[in-house]
Structures are given as C-alpha cells and as structure tokens.
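# Secondary and tertiary structure notes
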Amino acid sequence: LLDDVVIRDTLGREVDGADGAGLLLHSGGFLAASRLQVEDNTNVGVALWGEGTSLFAAQTVIEGTSIGLDGIGGVGLGIYDGAFAHLSDFLIANNEIVGLQVPSSPSVSHGAQERLCGDVELEQGVIRGHPIAVNSQCLDFEELLRDEDSVFFVDNDRDLDSTNLENTRPRYDPRRN
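Anyway, here's the lowdown on the structure attached to this text. (Residues numbered from 1 in each chain as written. Predicted model: local features only at pLDDT ≥ 70, side-chain atom pairs only at ≥ 80, totals over all residues. Heavy atoms only, no water.)

Pairing of strand 1 (residues 2-8) with strand 3 (residues 30-39), which is carried by 6 bridges, proceeds in the parallel orientation. Bridging across to strand 3, I7 finds its partner in V38. Taken together, the 9 bridges between strand 3 and strand 5 (residues 54-63) define a ladder with parallel strand orientation. Looking at strand 5, one finds that F30 is bridged to S54. (Pairing = 2+ DSSP bridges. Helix = DSSP H or I, 4+ residues; strand = E, 2+ residues; numbered from the N terminus.)

What follows covers the nonpolar core. One recurring pattern in soluble globular proteins is that nonpolar side chains are buried together. Counting residues in hydrophobic clusters, the biggest one holds 30 residues, and the most contacted among them are L48, L55, L77, I79 and I127. When residues no more than four places from it in sequence are discounted, the contact partners of L55 are L25, L31, V46, L48, F84, A85, H86 and L87. V44, W49, V75 and L165 belong to the second largest nonpolar core, which has 8 residues in total. (Core = buried A, V, L, I, M, F, W, Y, C linked by side-chain atoms within 4.5 Å. Buried < 20%, exposed > 50% of the residue type's maximum accessible area, 1.4 Å probe, protein only. Contact = heavy atoms within 4.5 Å.)

Moving on: the sheet that holds strand 14 (residues 158-161). The strand order 2-4-6-8-12-14 describes an open sheet built from 6 strands, whose pairing is parallel. Taken across any chain shown, the strands that pair with only one partner, and hence form the sheet edges, are strand 2 (23-26) and strand 14. The sheet shows a mean angle of 5° between the axes of neighbouring strands, direction not considered. Relative to strand 4 (residues 44-49), strand 2 is paired through 4 bridges, and the arrangement is parallel. From the neighbouring strand, L25 faces strand 4, where its bridge partner is L48. (Axes fitted to C-alpha atoms, helices over the stretch in contact; angles between N-to-C directions.)

As a further point, take the packing of aromatic side chains. Scanning the entire structure with this criterion turns up 3 aromatic pairs. The interplanar angle of 35° and the centroid separation of 4.6 Å between the aromatic rings of W49 and Y80 together place this pair among those described as tilted. Separated by 31 residues along the polypeptide, W49 in strand 4 and Y80 in strand 6 (residues 75-80) bring together distant segments of the chain. For Y80, a relative accessible area of 0% corresponds to the buried category. With a centroid separation of 5.6 Å and 55° between ring planes, the pair formed by F56 and F84 is classed as tilted. (Phe/Tyr/Trp six-rings, centres within 6.5 Å; stacked < 30°, edge-to-face > 60°.)

Another aspect to go through is the pattern of salt bridges. Using the criterion set out here, one finds 3 salt bridges in the structure. With its nearest N and O atoms 2.7 Å apart, the salt bridge here joins E39 to R8. A residue pair is termed long-range when its members are at least 10 positions apart, and E39 in strand 3 and R8 in strand 1 qualify at 31 residues. Under the relative-accessibility criterion, R8 is labelled partly exposed at 46%. (Salt bridge = Lys/Arg side-chain N within 4 Å of Asp/Glu carboxyl O.)

Next up on the list: the sheet that holds strand 3. With respect to topology, 6 strands assemble into an open sheet ordered 1-3-5-7-11-13, the strand pairing being parallel. Single-partner strands in this sheet number two, and they are strand 1 and strand 13 (151-154). Ignoring strand direction, the axes of neighbouring strands in this sheet form an average angle of 25°. Where strand 5 and strand 7 (residues 84-93) come together, 9 bridges link them in parallel fashion. When the sheet's bridge partners are listed, V61 is paired in strand 7 with L91.

Structure (structure tokens):
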C-alpha cells in the first residue's frame, strides 16, 4: 500500500530522451495507492504494462506529463498490453497529448494476430485540459461513461478518440529492461 506520495519531474534517458515514466508497473505488478500525486513527468505519468498488472488508486492526481525528447509520449495514464486500473476520486489534467490511453497492441504471448487490450474502471473523477481526454481502440466508450455523474470531461479538444496514436505509445519493453 502506497499512501501520501508525490512523484514529479522525472526525465527521459540522457542518451535518447526515451522513457521517463513517473510510475511504472509491469509483468504482473500490483499497487494499491491513496493520495498519490504524479506531476510534471516525461513520456507517461503512470504506465501499466502486461497481463496481471493492476493499479487500484484513490484520491489520485496525474498531471502535466510532457512529450519526451524522443518525441514520444505526453500521456497521463497509459494502460498497455492487458493491464488494469481502477481509479476513484481522481483528477487527470493538462497532460500534453492524452489524459488516459488504452491502446490495442499485438499480443507477444498469444501470437501476432491476436490483439491485446488493457482495461480501466473510473469513478468520481475529472479528465481535464487535453487535446484528447481518452484514446483507446479497446474501451467501450458507452460503458466507460455509463454513470454520467461520476466522470466529468472538462476543456478537452476531444473527449473520446479511437485513432491509433503510434507517437504516444512509450517504447518500453519489459522483456528488455
């Protein structure tokens, strides 16, 4: 359990500007957190990677994530390759490109033809101030928005987008690191 933590000002690698995530969970990692503040990081504020990887977070703020020197990122919360997140009482704000990203990707373990998606549950929160609030080729947007009083979209250029945004997906590969 992680309580009352601030993660801020991470940078990408000096050599190529890649990586720089504020918080990274992968390969089945699990984290329960409350009063977590992730701000002004590079590439992706919070990245969840791989099947079995889970984040349960309450009273969480993810904001101000910038694009890395490698031109990749600008994502507040990225849920990749079968990972899962549950956020309650949250704010995702002012990230450079996307607030929440849950892209479809080729499955490494299940064969290249199968697509792998992450999943997210959101309750009582705000996604504010992004060019794209939510980007996903996986999520059922109607289901995500089922409880209209629970998640608010404020001052985004686009609230929901299903375009495949290759330039936002971090190059991290948990099998190499």
